[in-house]
Amino acid sequence: MKKFRGVFLKNENEIALLREANRIGSLIREAMKAEVKPGVATMRFEEIAQDICRTYAVRPAFQGYHGFPFALCCSVNEEVVHGFPSRSRILTEGDIVSFDMGVVYEGFYGDSACTVGVGVVSEEAARLMRVTEECLSRAVAAATVGNSMNDISRAVQMHAEANGYSIVRRFVGHGIGRSLHEKPEIPNFVPAFGTPLPLKVGMVLAIEPMLTIGTHEVDILEDNWTAVTRDRKLAAHFEHSIAVMPHGPEILSL
Ligand code: MG
Ligand code: MG
């Protein structure tokens, strides 16, 4: 595979496989969203994810990754990312729940995430989710040849901060391909140092803004995975895997 400054550039065949991996991942995401309602245990979404993986003969990307025990990261309210699905965690009206799901298809990875409201949510929660999704849209739109990785980061940072939200710094977006996490790292803020990486055709990137209402600081719970906001205020997370194409960015995980 060709590389530019350490970043793999995918050819058409490779992008086609990444497109399929992400298409299946998106089917799972949409199937889970359709089941979100008060009274549902979050383990239900793990079952949906596992079922669809079996149907399409794909492997869940996260299960076993550094020992993560589930196919799905399911994070509720103050949980930012890497939450465990649970039989005892029952969704209630007004919660917000994030799904982060990856699959491996023919050796290529798909990765996407979204946050959805359970029933009717507060104005505060709805606005956080809307702005986080807008950050993702703006970041994707900035993923064009002629721009740099910093333009992606800046798009998230400006919109988040203009709306009064904090940006989680501990977790960042990433290149994706034959591995779940490839170079480059894509922070949701403009890094203070380093030469900006120009965007090239064939880069495939998982862009994933994580915004919070209060502090950007996170704690990791005793399960060694679940990241929660230090002040236990709400967080939202949206992610798409995109390919930088000659005509502009293509969202693979729609
Ligand atoms: Mg993800
Ligand atoms: Mg990711």
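Residues numbered from 1 in each chain as written. Chains lettered and ligands numbered in written order. Predicted model: local features only at pLDDT ≥ 70, side-chain atom pairs only at ≥ 80, totals over all residues. Heavy atoms only, no water.

**Considerations on the pattern of salt bridges**
Thinking step 1. One pass over the structure, following the stated rule, counts 15 salt bridges.
Thinking step 2. Between Lys10 and Glu182 there is a salt bridge whose closest N-O contact spans 2.7 Å. One end of the pair, Lys10, is in the loop between strand S2 (7-9) and helix H1 (12-34); the other, Glu182, is in strand S10 (residues 182-186), with 172 residues separating them in the sequence.
Thinking step 3. Residue classification places Lys10 among the buried positions, given a relative accessible area of 6%.
Thinking step 4. The salt bridge involving Arg89 is made with Glu79; its shortest N-O contact spans 3.4 Å. With Arg89 in the loop between strand S5 (79-81) and strand S6 (96-105) and Glu79 in strand S5, this pair connects stretches of sequence that are ten residues apart.
Thinking step 5. A residue is classified by how much of its surface remains accessible, and Glu79, at 11% relative accessible area, is buried. (Salt bridge = Lys/Arg side-chain N within 4 Å of Asp/Glu carboxyl O. Helix = DSSP H or I, 4+ residues; strand = E, 2+ residues; numbered from the N terminus. Buried < 20%, exposed > 50% of the residue type's maximum accessible area, 1.4 Å probe, protein only.)

**Topic: the coordination of the magnesium ion (ligand 2)**
Thinking step 1. Looking at the metal site, the magnesium ion (ligand 2) is ligated by Asp111 (OD), His174 (NE2), Glu208 (OE) and Glu239 (OE), spaced 2.1 to 2.2 Å from it.
Thinking step 2. Each donor residue of the magnesium ion (ligand 2) belongs to the same chain, and together they define the spacing D-x62-H-x33-E-x30-E.
Thinking step 3. The magnesium ion (ligand 1) is placed at 3.1 Å from the magnesium ion (ligand 2), the two being bridged by Asp111. Separated by 63 residues along the polypeptide, Asp111 in strand S7 (residues 108-117) and His174 in strand S9 (residues 173-175) bring together distant segments of the chain. (Donors = N, O, S within 2.8 Å, 3.2 Å for Na, K, Ca; no water.)

**A closer look at unusual backbone geometry**
Thinking step 1. Geometrically, the link from Lys183 to Pro184 is a cis peptide bond, its omega value of 0 degrees lying close to zero.
Thinking step 2. Mapping Pro184 onto the fold places it in strand S10.
Thinking step 3. Residue Arg5 is not a glycine yet carries a positive backbone phi of 45 degrees.
Thinking step 4. Following the sequence through the fold, Arg5 ends up in the loop between strand S1 (2-4) and S2.

**Notes on the environment of Ser166**
Thinking step 1. You can see Ser166 is positioned in strand S8 (residues 166-167).
Thinking step 2. Measuring from C-alpha to C-alpha, the distance between Ser166 and Asp95 comes to 20 Å, with 71 residues separating the pair along the chain.
Thinking step 3. Ignoring sequence-local partners within four residues, the contact set of Ser166 consists of Met210, Leu211, Thr212, Gly214, Thr215 and His216.
Thinking step 4. A polar atom in the side chain of Ser166 sits 2.5 Å from the backbone oxygen of Gly214. (Contact = heavy atoms within 4.5 Å. Polar contact = N/O pair within 3.5 Å; in protein donor to acceptor, adjacent residues only side chain to side chain.)

**With respect to the sheet that holds strand S12 (residues 210-212)**
Thinking step 1. Spatial ordering of the open sheet is given by S8-S12-S15, a layout of three strands whose pairing is antiparallel. Because the sheet does not close on itself, it has two edges, and the strands there are S8 and strand S15 (235-237).
Thinking step 2. Relative to S15, S12 is paired through three bridges, and the arrangement is antiparallel. Bridging from a neighbouring strand, Thr212 pairs with Ala235 of S15. (Pairing = 2+ DSSP bridges.)

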